[in-house]
Structures are given as C-alpha cells and as structure tokens.
Amino acid sequence: MSATEQPVSFTLNGKAVEAMAGESILLAARRAGVEIPHLCHMDGLRPDGNCRACVVEIKGERTLAASCCRSPTPGMTVETTSQRATAAQQMVLELLLADQPESPCTINDELSQWAAKLGVAGSRFAPRGLIETDRSNPAISVNLSACIQCTRCVRACRESQVNDVIGLAFRGGRATIVFDQGDPMGDSSCVSCGECVAACPTGALAPANGAFLVKADKNVDSGCPYCGVGCQLTYHVKDNQIIRVAGRASPANLGRLCVKGRYGFDYVAHGQRLTQPLIRRADAPKVAGAEIDPANPYAAFRQASWEEALDFAADGLKKIIARDGNNALAGFGSAKGSNEEAYLFQKLVRTGFGTNNVDHCTRLCHASSVVALLEGLGSGAVSNPVSDVQYAEVVIVIGANPIVNHPVAATLIKNAIQRGTQLILMDPRRTELARHATHYLPFKPDTDVAMLNAMLHVIINEGLADEDFIARRTEDYAAFKANIQAYTPEAMAPICGIPAATLRQVARLYASARTAMILWGMGVSQHVHGTDNARCLIALALVCGQIGRRGTGLHPLRGQNNVQGASDAGLIPMVFPNYQRVDDPVAHARFEQFWGIALDNKPGLTVVEIIDAACAGTIKGMYIEGENPAMSDPNTHHARAGLARLEHLIVQDIFMTETAALADVILPASAYTEKTGTFTNTDRRVHLGRQALTPPGDARQDLWIIQQIAIRLGLPWQYASSEHVFDEMLQVLAPIGGITWARLEALGGLT
C-alpha cells in the first residue's frame, strides 16, 4: 500500500476515526456510526455538494464544509452536531420544506425523514407555489413541486446512464429541472429507465399512478426476466401483485435497471393469462393460417382437469412412440425458464421420449458463436464479463445494438468511454452508440469476414501480432498467416465499403492497446457464415493476445435471460449437459450410468430440422415449453404448417400464443416471478430467482408439470424442489462446480 493509499486518522465528534484513502467525511462518519443529514449525496453518484444539508464544522476553518465532497486530512477535527453545524442543517431543511406540497409523493421521502430526525416540524418561509404535475410519461410522474434541485436525477441520467436527457435550466430562484429543451417528459428523448426515479429523494420523480405511496406486504430479492444481462432487483409485493421494482447491487447491473426491468412486470397479472388446462375440441381442427380471435381465443378448446390434461398429453406421446418409434417425437425447451427446468426438460426428452430431438432458441441466435468458441477456445461461453470494459483501453462492438437490446450493459460501455476507453463501433446501421464511438465503421452488410481479415492482415504484416502469446497459446499460426496474405486492406476496402486507411487505423488501435475487448451480437451470428464471422473475431483476439486478462476477451451478448444456462444444461440436440457430445462413447456411457437408462447415441434434430421434419410428417409429436416457433421462426408460414400437421402437440406456456393456438393440449405454466430457480446471465454468472407471487388460477409451476409428464412416461422422478434438481446438476455440470444452493441463497449470484 502506497503512502497515498494509507488510511487517514482524524477526530470526529471528539473520537479518533480512520477514513479510507479518498473517502469523504460523510462516508467515513457513516462507517463510524455517525449519521450526517444529506440529500444531494447518493451512493454511486458523483458527490455534488449543492444541497448543503450535510455541512459540518471543521476546527480552524471559517466556513462550514459539505461533508459529502470533502475528504478528511490527518489530524483534522470535525464536529457534525455542534450548535453551528446543527443550526445550518436545520435551516437548509426548513427552507426546502417550505416548497414541498402538502401531500407526499413517496413513502420514502428523505427530506421529511431527515427533518424529523433533526426536529424540524415545518417551515416559516413562504412557498414558491405549486407546479402542475407532468403525466405525459406513462411510467413516470413528474411532480416538480416536490423538487429540491439536488441534481441526483441529473447525475443519474447524464453520468450513470449517459442518456443526457435531464438538465438544470435557468438560474437563481428560476432554476428548474428540464427534459431536453424543456419538453414534457413523455415527449422528450427519455427512455424511461427510471434511474432518475430511483435517485430522487422526494418523489418529484416517481412511478406513475402513485406506486411510491403504497406500502408493500413483502420485498423479494430476485432477478429480471428479460435480456441476458441478468439484472438483480427487488420486487415490492402487495396482495399478490407487484407494485414496484427497485434495482439491487450486483456486478451485472450495479443497482441499475432499464424500462423493462423496472416497469415491465404487469404482464404476470394480465387478464389473458392461461389459468386452466385446455384440450382441443374434436370439432375444431388445426388451421395453420388461422389467427387467434381476440374476442374468444379459447374457442377451439375445452377446459379440463390437470389429471385429464396430463393423461391426454402423455398418452398421445406413448401412442406415437409405440407406433412410429422414439425419433418421431421432439421437444423445444425455453431460454426464459430456469436452469433446473432446462435440465429436466432435456432429460425428459432423452430418457422419456428416447431421442435427442431437443433444442431451444439458441439455434436461431448464438449457436454459430458457440460453435466457433468451442472450436477456437474450448469453451462456448464468454471469456470476460461485460463490466470488464472499464479496464479496457479499446472496445470493439460489432453487430450489436446494446442500447436497445442490453440497455444496462450499454451504460457500462458508455461509462467506460467517459473514463477514456476508445470505442470502435462496427455496424451497417448507425445506432445510438455511434455518437459515443471513437471510430464508426458502417461496413456493407454481409462483409464482416472481408473487413476483419483486412485488419488481421495489417496486424500480422506490420509486426503488431503478439508473437509470444501466439507461440505459447495457439496452433496452426503459420497456415493462418499464409492464408491472410490475400486480404490486404486495399483489396478488401471495395468489398466492405470501409477505406483502407480506416481499416489500418482501427487495426493498429486494437493491436497496440494494452487491453482490448470485443463484444458482438446477432448481427454477427445470424448469417449463413455466422461461424466464420465469430472465427474472425476469435482470431483477432488471439493474434493480439487480447484474451485471458482483465479488460480483454470475447463476449457474445446473450439475448434472453437464460440462453447461457439453457445451453449449459444440455438443451441442445447434439450434446448432453456441459457440452458433452451424445456420440462420444465416454460421455454417452457416463450419462447412461448416471441416469440409469439406455440413451440414443445419435445427435438429434435442430429447431429448423424439427420443423422441416414436422412438415414432412416424420416428426409426429412435440412438447413445447415456453417457446413460440409459430411466431419466432424465420418462415412463420412454414413453421405453422409443420405445427398444424403434428398429430400431437403439447404446449406449456403462460399465454395463448400463436403456437398454443395449434396445440392439442395446453398446460398453464408459471411466469418468472412465480417460481424459484437459477438463471445464468451473459457473464456466466448464476443468479437465484426467488418466487414473489402465486400463479393465477389453476396454473402450475413448470418443474411440476415436466415431472408429471415424466412420471406418466414411466420415469421414477421425485424432485421435491428446484434445489433438489440443482444438486443433481452439480454432478454433471462442471461450469457450476463449487456453486451450492446455500451459497446462492447467501450471496445471490456467483460466476
């Protein structure tokens, strides 16, 4: 520890206290158990010192000091409760209370709470008058009458989220918070992430419809059900309904949320939730092109008991197996479900159906990236978390639009750029991230390989390659070097549309950086040559030695909340859990012994091949859990034709989807907030999602439904809970080795 990092000893209210290097008086006092009033300070935001509620008296100084932005020095004597300091604190609070509306805007009003602690009961000063509430944003209410101009919302918007929407306009008594150029919030460029709401100490910015005024019955720590970032949050629940959501500190999101995570929770209480098992009526044949009638979406079905529906579902599967064999069946699992659900679902298909025809949506997103990563690195997962961008000198983002698809991850990228990281953005479209980029390369669509190979040519031929890393950590470099000679920037520039000089410039920038990181999305992977695109990115990192260290590496941004976990758990047709090939004799024998049943040793059909086989009539029965291929497949007409031709289709979901409309039996399942399980985010971090609500009506939890089908197919399953399934997964899933359920409950998440 250097001299500048040594703790600082000072006196606080007559007692010796130590402050950490760079720590403010406010934070050092808090650690010592001393409360100092504060309103403009918020952990995670830059200290501003504008509210003056936190002033303290420092011996030998003429004026009082704002403790939130003042660090102690050795020997300093500080009084937080002296007569002078207390009088000033009380005066600040009294002045601020003068302008507050009579009715509170939030039950977490920090101004009122501090006033009560300091004995400030009211204000003798005249108010400035009420300001009309702005309700133009459907998610956020703007009550500027309660605003104390602490600028926490400004710093949250501009510095944490880097959205640059909220500002402070005018001066003196006319100063006010504005959105863009003084627009109503709903008409501004606000993305409704709600970080300003989370930062506001008075409810001047609050969730719409008075959600901040309702006291919750319980708070449940869980996660977000949307994208692969895996943000951690807390559900505030009253009467079995979520009334609001708050971000929770985690390496994935640092307490931040986006509009979906903070406000997109009402779907679980939607009136169109499936709440009763349904069986298709005999007089209602499947029609591939038929649309769901919104007035009567269940017209083709009749209600059934769980016993009847489960027996009907299992009997249809057994009939097909007996007549047409095991490979006439297939299953689609879900990347929105938990690791435990994914594991049990693929185990059901392999041991109950007797086939490897099981897949999920990764086939249509990052399968090409996984193939390339397994081939090039030996692991199909990311090498470094998104948060490592803070340690990178250079970041390449290609074929991804994180501001839209991974908003919280995008804030981490923008924060890194604020601190000096240089961004190279490669995308045929000019996305919002382009305004933050040092270099923006709008290459011609479908020319990724040409552009990246030109960069590799520059790096190799200008002596920028990391020869030591290449010699120690790679293979076949000589052949690769010879192959790349044809891809000069001058030859590739007309193909990819990027000038040769620019290709050389960005290649040198990436290769010469001490730390550099590559993030990509489905603009790279969803091509007929998506694997080649990913191979080029991997080669770029390996040639420059930009992997295996903090602030380096390769990161394909995962789409849904559990794409990584579902893949790890074996929801893929050619591999068992932990990516062990089904046609590998050693792996095959191991799983036969572990599960105690004979297994098929032939790779199964993929999502695309299963739909083709359904159209051809060779796949006759399917079990689809939480997927909607009738809407998500690239050729929906083809997908719907195949699903309609199936003799027996079981759909397990929470809504009447386009796929469910073609089902023979529908099993009402549980939403994310209605079950407990583990989920693996894009960083490979395993999080624990906890049940916050009870499923509506007669809907049941997915694990229970999967087990009931398995039991009816003759499998002796007795899993009491998700924890029981997780304990079994630990025995075959090396990536989660060492992660126990107890540790997850204690820590919330582990990589």
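Throughout, a residue's number is its position along its own chain's written sequence, starting from 1. Per-residue local features are limited, in this predicted model, to residues with pLDDT of at least 70; the limit for side-chain atom pairs, both in listing and counting, is 80 or more; totals at the level of whole chains, interfaces and linings are taken over all residues. Based on all heavy atoms of the structure, the side-chain values leave hydrogens and waters out of the count.

Chemist: Honestly, the overall build of the protein chain in this entry has me stumped. Any pointers?
Modeler: Along the backbone of the protein chain there are 26 helices and 29 strands. Computation of the radius of gyration draws on C-alpha atoms alone. For the globule rule, the value is 2.2 Å times the number of residues to the power 0.38. Taking 2.2 N^0.38 as the reference for a compact globule, 751 residues should give roughly 27 Å; the C-alpha atoms of the protein chain span a radius of gyration of 29 Å, in line with that estimate. Dimensions of the protein chain, computed from C-alpha atoms along their principal axes, come out at roughly 90 × 70 × 45 Å. Relative accessibility under 20% of the residue-type maximum defines a buried residue, over 50% an exposed one, and the middle range a partly exposed one, all with a 1.4 Å probe and only protein chains included. Every one of the 751 residues in the protein chain was classed for burial, and the buried ones make up 56%. Surface exposure of the protein chain reaches about 30,500 Å², of which carbon and sulfur atoms provide 52%. Counting from the N terminus, the helices are DSSP H or I runs at least four residues long and the strands are E runs at least two residues long. The method behind every accessible area is Shrake-Rupley, applied with a 1.4 Å probe, and residues are considered shielded solely by the protein chains displayed.

Chemist: Just checking my understanding: could you explain helix α25 (residues 722-729) for this structure?
Modeler: An α-helical turn contains 3.6 residues, so any two residues separated by three or four positions project in the same direction. Of all the residues in α25, the buried ones are Ser722, Val725, Phe726, Glu728 and Met729. Viewed along the axis of α25, the buried residues span an arc of 160°, placing them on a single side of the element. The inward-facing, buried residues of α25 contact α8 (339-353), α20 (585-595), β27 (677-680), α24 (702-712) and α26 (741-747). Arc definition: it is the arc formed by the directions from the helix axis to the C-beta atoms. What makes two residues a contact is simply this: any of their non-hydrogen atoms within 4.5 Å.

Chemist: What is the right way to look at the side chain of Ser67 in this model?
Modeler: Following the sequence through the fold, Ser67 ends up in the loop between β4 (65-66) and β5 (77-79). Contacts described as polar in this section are N or O atom pairs within 3.5 Å, which, within protein, must combine one atom able to donate a hydrogen with one able to accept it, while residues neighboring in sequence count only if both atoms come from side chains. Within polar-contact distance, the side chain of Ser67 engages the backbone oxygen of Cys54 at 2.8 Å. If we ignore the near neighbours within four places in the chain, the residues touching Ser67 are Ser24, Ile25, Leu26, Ile36, Cys54 and Val56.

Chemist: Any chance you could explain the nonpolar core here in plain terms?
Modeler: Generally speaking, nonpolar side chains in soluble globular proteins are found buried as a group. Here, nonpolar core refers to any group of buried Ala, Val, Leu, Ile, Met, Phe, Trp, Tyr and Cys residues whose side-chain atoms link them within 4.5 Å. The biggest cluster of nonpolar side chains holds 95 residues, and the ones touching the most others in it are Leu348, Val397, Tyr623, Leu667 and Ile709. Of all hydrophobic cores here, the second largest spans 49 residues; its members include Ile396, Phe443, Met451 and Met455.

Chemist: Even after reading the chapter, I still don't get the confidence of the model for the protein chain, so can you show me in this structure?
Modeler: For any part of a model where pLDDT is low, the fine detail of the predicted coordinates should not be relied upon. The pLDDT score gives, residue by residue, the confidence of the prediction method on a 0 to 100 scale. When the pLDDT values of the protein chain are averaged, the result is 90; 99% of them are 70 or greater. Per-element mean pLDDT across the protein chain ranges from 76 in strand β29 (residues 749-750) up to 97 in strand β26 (residues 665-668).

Chemist: Which parts of the structure should I look at to understand the packing of aromatic side chains?
Modeler: In this description, an aromatic ring pair is defined by two values, namely the gap between the centres and the angle between the planes. Aromatic contacts are taken between Phe, Tyr and Trp rings whose centres are within 6.5 Å, Trp giving its six-membered ring; a plane angle under 30 degrees counts as stacked, one over 60 as edge-to-face, and the others as tilted. A full pass over the atoms with the stated rule returns 10 aromatic pairs. Ring geometry for Phe576 and Trp595: centres 6.1 Å apart, planes at 85°, overall edge-to-face. Placement of the pair is Phe576 in strand β22 (residues 575-576) and Trp595 in helix α20, with a sequence separation of 19 residues. Residue Trp595 is classed as buried on the basis of its relative accessible area of 11%. Each ring, one from Tyr672 and one from Phe679, has its centre 4.7 Å from the other, and the planes form 40°; the classification is tilted. On the basis of relative accessible area, Tyr672 is assigned to the buried category, the value being 8%. Using a relative accessible area of 5% as the deciding quantity, one classes Phe679 as buried. Connected via pairs of aromatic rings, a cluster forms that spans Tyr343, Phe576, Phe591 and Trp595.

Chemist: Where do I start with the side chain of Asn681 in this structure?
Modeler: Along the chain, the position of Asn681 falls in the loop between β27 and β28 (686-689). Judged by relative accessible area, Asn681 falls into the buried class, the value being 2%.

Chemist: Explanation requested: empty space enclosed by the protein in the structure shown.
Modeler: Where empty space is left can be seen by rolling a probe of water-molecule size over the atoms. We place a 1 Å grid over just the protein atoms. Points where a 1.4 Å probe fits but has no way out form a cavity, open points with protein on both sides within 12 Å along at least 5 of 7 lines form a pocket, and any residue with an atom within 4 Å of a point lines it. Grid points are joined across faces, edges and corners, and a volume is the space filled by probe spheres set on the points. One pass over the full model with this rule turns up eight cavities of 30 Å³ or more. The volume enclosed by the largest cavity comes to roughly 100 Å³. Contributing to the lining of the largest cavity are 13 residues, with Cys147, Cys150, Cys153, Cys200 and Ala204 lying nearest its centre. Considered class by class, the residues forming the lining of the largest cavity number 10 nonpolar, three polar and no charged. Note that Gly is not counted as nonpolar here; it falls among the polar residues with everything else outside the nonpolar set of Ala, Val, Leu, Ile, Met, Phe, Trp, Tyr, Cys and Pro and the charged set of Asp, Glu, Lys and Arg.

Chemist: Quick question: what am I supposed to make of the pattern of salt bridges here?
Modeler: Two side chains carrying opposite charge are able to pair once their charged atoms lie near each other. A side-chain nitrogen of Lys or Arg and a carboxyl oxygen of Asp or Glu constitute a salt bridge if their distance falls within 4 Å. Following the criterion strictly, the structure yields 36 salt bridges and no others. Linking Asp315 and Lys318 is a salt bridge whose minimum nitrogen-to-oxygen distance equals 3.6 Å. Taken together, the residues span about one helical turn, with Asp315 and Lys318 both in helix α7 (residues 306-324) at a distance of three residues. According to the relative accessible area criterion, Asp315 is partly exposed, its value standing at 44%.

Chemist: I tried to follow the sheet that holds strand β11 (residues 232-238) on my own but got confused; where do I start?
Modeler: Two modes of strand pairing occur in sheets, parallel and antiparallel, and in both the strands are linked by backbone hydrogen bonds. A pair of strands is considered paired only if DSSP assigns at least 2 bridges between the two. Ordered in space as β10-β11-β12, the three strands form an open sheet in which the pairing is antiparallel. Edge positions in the sheet fall to β10 (218-223) and β12 (241-247), since each of these pairs with one other strand and no more. The sheet shows a mean angle of 30° between the axes of neighbouring strands, taken without regard to direction. Direction of pairing for β11 relative to β12: antiparallel, over a ladder of six bridges. Opposite Lys238, over in β12, you have Gln241 as the bridge partner. Here an angle of 0 to 180 degrees is reported between the N-to-C directions of two axes, which are lines fitted to C-alpha atoms, with helices fitted over the stretch in contact.

Chemist: Got a minute to help me understand the pairing of strand β15 (residues 329-332) in this structure?
Modeler: The two faces of the sheet receive side chains in turn, since in a regular strand these alternate between them. Residues Leu329 and Gly331 line one face of β15 and the alternating positions Ala330 and Phe332 line the opposite face, and both faces are buried. Where β15 lies against strand β24 (residues 621-625), four bridges are found, and the strand directions are parallel. Within β24, the position partnered with Phe332 by the bridge is Ile624. Sheet topology note: the β15/strand β16 (residues 358-359) ladder contains two bridges and is parallel. In the sheet register, Gly331 faces β16, and the bridge partner there is Val358. A crossover connection joins β15 to the parallel β16 through α8; in handedness this β-α-β unit is right-handed. Whether a crossover is right-handed depends on one test, that the path from the first strand over the helix to the second runs clockwise when the strands point away from the viewer.

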